[in-house]
Each structure stands twice: as C-alpha cells, then as structure tokens.
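Here are the chains, one letter per residue:
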Amino acid sequence: MEKSYYLRSSEWFGKYDKMGFVHRSWLRNQGHPDHMFRGRPVIGICNTWSDLTPCNGHLREFAEIVKRGVYEAGGFPLEFPVMSLGETIMKPTTMLFRNLASMDVEETIRANPLDGIVLLTGCDKTTPSTLMGAASVDLPTIVVPGGPMLNGKFRGKEIGSGTSTWQISEGIKAGTFSREDLIEAESCVSRSAGHCMTMGTASTMASMVEALGLTLPGAAAIPAVDSRKKVLAHLSGNRIVEMVKENMKMSDILTREAFENAIRINSAVGGSTNLIIHMLALAGRIGIKLTLDDFDKLGSDMPLLLNLMPSGKYLMEDFYYAGGLPVIIDRLSEILHKDAITVNGKTIGANCAGAPCYNNDVITTLDKPLKEKAGIAVLKGNMCENGAVIKPSATSGELLKHRGRAVVFENMEDYHARIDDPELDIDENCIMVLKGVGPVGYPGMPEVGNLDLPQKLIRKGITDMVRISDGRMSGTAYGTVVLHVSPESTIGGTLALVENGDIIELNVKERSLILDVPEAVLKKRKEAWKPAPPVAERGYVKMFIQHVEQADQGCDFDFLKGGSGSVVLRDSH
Ligand code: FES
C-alpha cells in the first residue's frame, strides 16, 4: 500500500526484528492476515459497552459496524474496552470515577499501536471521560454517540427518562402514584436501547460533541435503534481512516471557537448544568483557556430553541424527526463561529447550512423562541466566592429573586432523616441548604442538588422551592436549584458556615447569592469550624479527595491537566 503519511503504529508493526515479530505474531492469533500490518492506519475503537451501563448496552454491535467502515476505507480496526460508567447503577456516583475512566482511556490509547480513535459513548460520564483521556493523547479522534432511547410512552402519554422519575417520586410522596403504577412505568420509560431521551446530561453531551465538531453532522439526535445510527457508525469508521491520513488531530478541532460554539448551542437546546464541569475539564486537557464566567457571558443570553424535557415537552426522538442539531446550528449561524472545522474536514457552518426543519414546535425559530433567554447563570456572592450555577430555564421562574430563611441539612443522611418529619420547621418561603455533597465531601459531587421537597409541602400543592448545595443535578431535573457552590462546604467554603434561620438572598438577574449574616459573625463561625475527617484512608478514593479540583475548575485531578501526547519514550523489551 502506498502511503505518504506517518503512522505511529509502524513503531510496533513496521519493524522486522524480534519486537516486530512479537507485536505482530501474537495479534495474528486473531486471524489477521499479513497485509493488515503493512502500512494501514490502525484504528482503536474505544468501547464503553458494559452490561452494567444499560445506556451503552448496544455498543458492542456498533463496534462491529464501525469496523466495517474502517476495513472498507483501508484501515485496521482494533476494539478495546475501557472502564464504563453506568449512571443508574454505580454508587456513590459515577462522577467519582470520571477521572479514573479518563486515565484508563488515555493510558490505553498511548500504550498501544493506534493511529486514530473512535470513541463509542452514551451514558452521561462515558462521553467526558473518554474525551478527556483521548484529548491528553491528541490523536485523530471521532465520536460516535450511542444515541437516545425511543420516546417513553406511559398510558397514552409521553414519558421522559429522568424527568418522569422526579415526577413519579413526587407522585409517590403526594399519594397519587401507587406501587403498581411505579412498576408499570419502569418499562414504559425504557423502551429500547440507548441513553436517556430527555435533554439530560447524555443528550447534552451528545449535542456537545456534535457542536464541538467531533462527530459527523447530525449525530447527536439519531435514536440508538434507528438504522441511520448504524449508518453513522459505518461512515465514522470510513472517516477516521481519512483523518489519520490527513493528520487531523483532536486539537485541530477543539479550538476556543469550538468551545464557544458548544456553550452557545448548549444554551439553545436547554442542556444540562453538568456540561460546565465536563467542558472545563476537557478544555484543561486540550490546553484551551475556559472559565466558569465564559458560560454566563456566552450562553446566558441565548434563546431557548428546543422544546424538550426538562425545559419543554418533547423528547429526543422528536428532535431527530424535526431535523436534529443541524437545524439549531443553522438557526444560530449568525451568532456562532461558522468557520470552526469539524471532523469531516468541513466547517460547522457549511455542514449545517440550510438544514431543513420539519417541526417548528419542536425546534422553534429565533423570532419565536421557547424562552427569550436560556443558558446557565453563574452566581457570585459571599456564599459562593468562586461561583455557583443555576439553570433558569428549568425553574418555575417565580423564585429567581427570593429572600428566605435557611433550613440547613448538614449532609445527605441528615436530609433523609428529617425532610419528611412533620415537625420540621419549614414552609414554602424557606431556602433548603444542603452541605457535604461537593467533589471532596461526598465524595464525587453526586446529582442530589434537586432535593425533593418536604412531603407536607408537596401535599399542600407546592412544586418549587429554592434549594442550594455544593452538589450537581441531573440534566433531566428541574426547579430553582443553585448548584456547584464553590468552594464546597467540606473544605471550609462559606456554605459550611450557614446555620438554620440565616437569611439568604438569591437574585439571578443580579447574579448574586448572598448569605445575609454580619461579617463578624461569619468570622467567628469560621474560627470555630473544624473539617470532618477524610472519607477515605486508602485506595482510589484517597487519591480522589487529595487531587480533585473544585467545581468551578471542572473537577479534574490537578495532575491530569494538559496532555502527554502520543509518544512513548521507552520500548517494551
Ligand atoms: Fe444513562 Fe441517563 S442514565 S444516560
């Protein structure tokens, strides 16, 4: 085969000495013929398939389809497993393991004879973890998002993953939902392979990779079981071989402009607050300067164009049939960096120009947006010196300016023990404050910020209250929920000093979150504050709490920032 490009795999397969023999010979036991080792781009298919990650359960089959595309284009595909993170199963939270999985991805790619990478992703953390790992190696890389499940259908109504869970949970508390209803709803919401079909974190991540230019156009919204998703996988297999020949690396795609596009597009689709943490971490790996304030500056004035749960009423299947993300990108084209290059070698503007919309109720027009302003607001104040976030489009809207009395829960266990106590001194004007659920505190910063309201208030018909914590919230959740308070309470942030009865003032328009307690009182409380003993004395969790950064930095490990490239300095002898 004639070639005029460098293949790093030739450092393994291109030698006709003892080690060349070793590298080829053992792989030959899989039945690969000699010509596979002669100058073909070797494509690693990084598979997050796992029986324990239901949202990625179909990715084994997808890997075979990607392989077809790679073979067809003259490449040599080799699939490898990496740590998979199943959102609904893992305890205490998948976020505790995102960085660990990224290390697996990074080291596996670098240590092996790979020239290009296809990332097979799906469930929430399987996208950022693989992206972060791949970015630190920086080979040509394309993403195949596994796709959402079909729309949930329950007793003739649409039902959305995650979003319905919160509604069911409230229904059980209110006594309007029985155990039988619950069991019936379980299979009605999860009808097919794929990830959550609301605009939760998985759909947000899929939209993010498409907006960043890391997928072929239109990838994000295609349902997992639609045959066109398989076509996308096949074509991605074709394309990655070309990308290797063109030496189009991840860093060529992941520019500051691409990140700015992704922030704006995320606002327009009503994406999850989790995007912030993952994008900050990814930017840190690829060497792009991105700050928490960028998300407010770039995204908070964007119109909400997508009518999807939790901000709207439709689901991802509807989004695909309406035209998918290319329609959103085309409608925003005057605001975006149209010249940002994508994995197919064309600009994002060219890819999406004139994308037809088939349903303007699902994807609204710029002059009739679902909401005038979407996006994420970044709050500052003495309660969150390094920032906190809120997603106004997912709130009731009535509490965005609110002053109330704090009802404090010292940790999740305290919350569970007292929230439904009829004696709990709380009313709908109070502000619920939860401590101890930050990156170090929980540890892993779980999605618990959208606390269920007290049963006695739900029964009164109350549906929203201000809630504040150093944790995260599922992208499928809603409510006036202030998240990612940084610094977190466990390391002595002001959140740690809040006491029952304190007055807190939230003003989203002014971007402020104020603990209205005199400085002198706070100083005294700070002097009396003592950190809790570390939650782990050994193993990975010990490393996690020692090295994880705060939410406003993206929660990566301090020692993982940046990349080490693809060169391996020492040979295996
Ligand atoms: Fe996997 Fe929602 S649980 S995407």
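Everything that follows concerns the structure shown earlier in this document.
Being a predicted model, the structure only gives us computed values, none of them experimental.

Caption draft 1: View of the overall build of the chain. Looking only at helices and strands, the chain has 20 helices and 14 strands in total. At 24 Å, the chain has a C-alpha radius of gyration in line with the 25 Å of a compact globule built from 573 residues. With the principal axes as the frame, the chain shows a C-alpha extent of 75 × 55 × 50 Å. Counting only residues that meet the buried cut, the chain has 62% of its 573 residues in that class. Intrachain contacts of the chain at a sequence separation of at least 6 include 77% that bridge at least 24 residues. Put simply, the chain shows about 22,300 Å² of open surface, and 52% of that area lies on carbon and sulfur atoms.

Caption draft 2: View of the packing of helix α5 (residues 126-135) against helix α12 (residues 274-286). The geometry of α5 relative to α12 is characterised by a closest axis approach of 8 Å and an angle of 10° between their N-to-C directions. Considering their axes alone, α5 and α12 lie roughly parallel with respect to each other. Contacts from Pro128, Leu131, Met132, Gly133 and Ala135 of α5 reach α12 at His278, Ala281, Leu282, Arg285 and Ile286.

Caption draft 3: Focus on the environment of alanine 496. As for its position among the elements, alanine 496 is in the loop between β12 (481-486) and β13 (503-507). On the basis of relative accessibility, which here comes to 11%, the residue alanine 496 falls in the buried class. Taking the C-alpha atoms as reference, alanine 496 lies 9.2 Å from arginine 525; in sequence the two are 29 residues apart. Beyond its immediate chain neighbours, meaning those up to four positions away, alanine 496 contacts Lys435, Ser489 and Trp529.

Caption draft 4: Looking closely at the pairing of β12. Judged by how many residues are buried, β12 sits mostly within the fold: six of six residues are covered. Bridge analysis of strand β8 (residues 387-390) against β12 gives two bridges, and the strand direction is antiparallel. Considered in β12, the bridge of valine 389 is made with leucine 483. Two strands pair when backbone bridges link them, and strand β11 (residues 466-469) and β12 are joined in this way by two bridges, in the parallel orientation. Residue pairing across strands places arginine 467 opposite valine 481, the latter belonging to β12.

What counts and what doesn't
- Residues numbered from 1 in each chain as written.
- Predicted model: local features only at pLDDT ≥ 70, side-chain atom pairs only at ≥ 80, totals over all residues.
- Heavy atoms only, no water.
- Helix = DSSP H or I, 4+ residues; strand = E, 2+ residues; numbered from the N terminus.
- Rg over C-alpha atoms; globule rule 2.2 N^0.38 Å.
- Buried < 20%, exposed > 50% of the residue type's maximum accessible area, 1.4 Å probe, protein only.
- Contact = heavy atoms within 4.5 Å.
- Areas by Shrake-Rupley, 256 points an atom, 1.4 Å probe, with all protein chains shown as cover.
- Axes fitted to C-alpha atoms, helices over the stretch in contact; angles between N-to-C directions.
- Parallel < 35°, antiparallel > 145°, perpendicular 65-115°, else oblique.
- Pairing = 2+ DSSP bridges.

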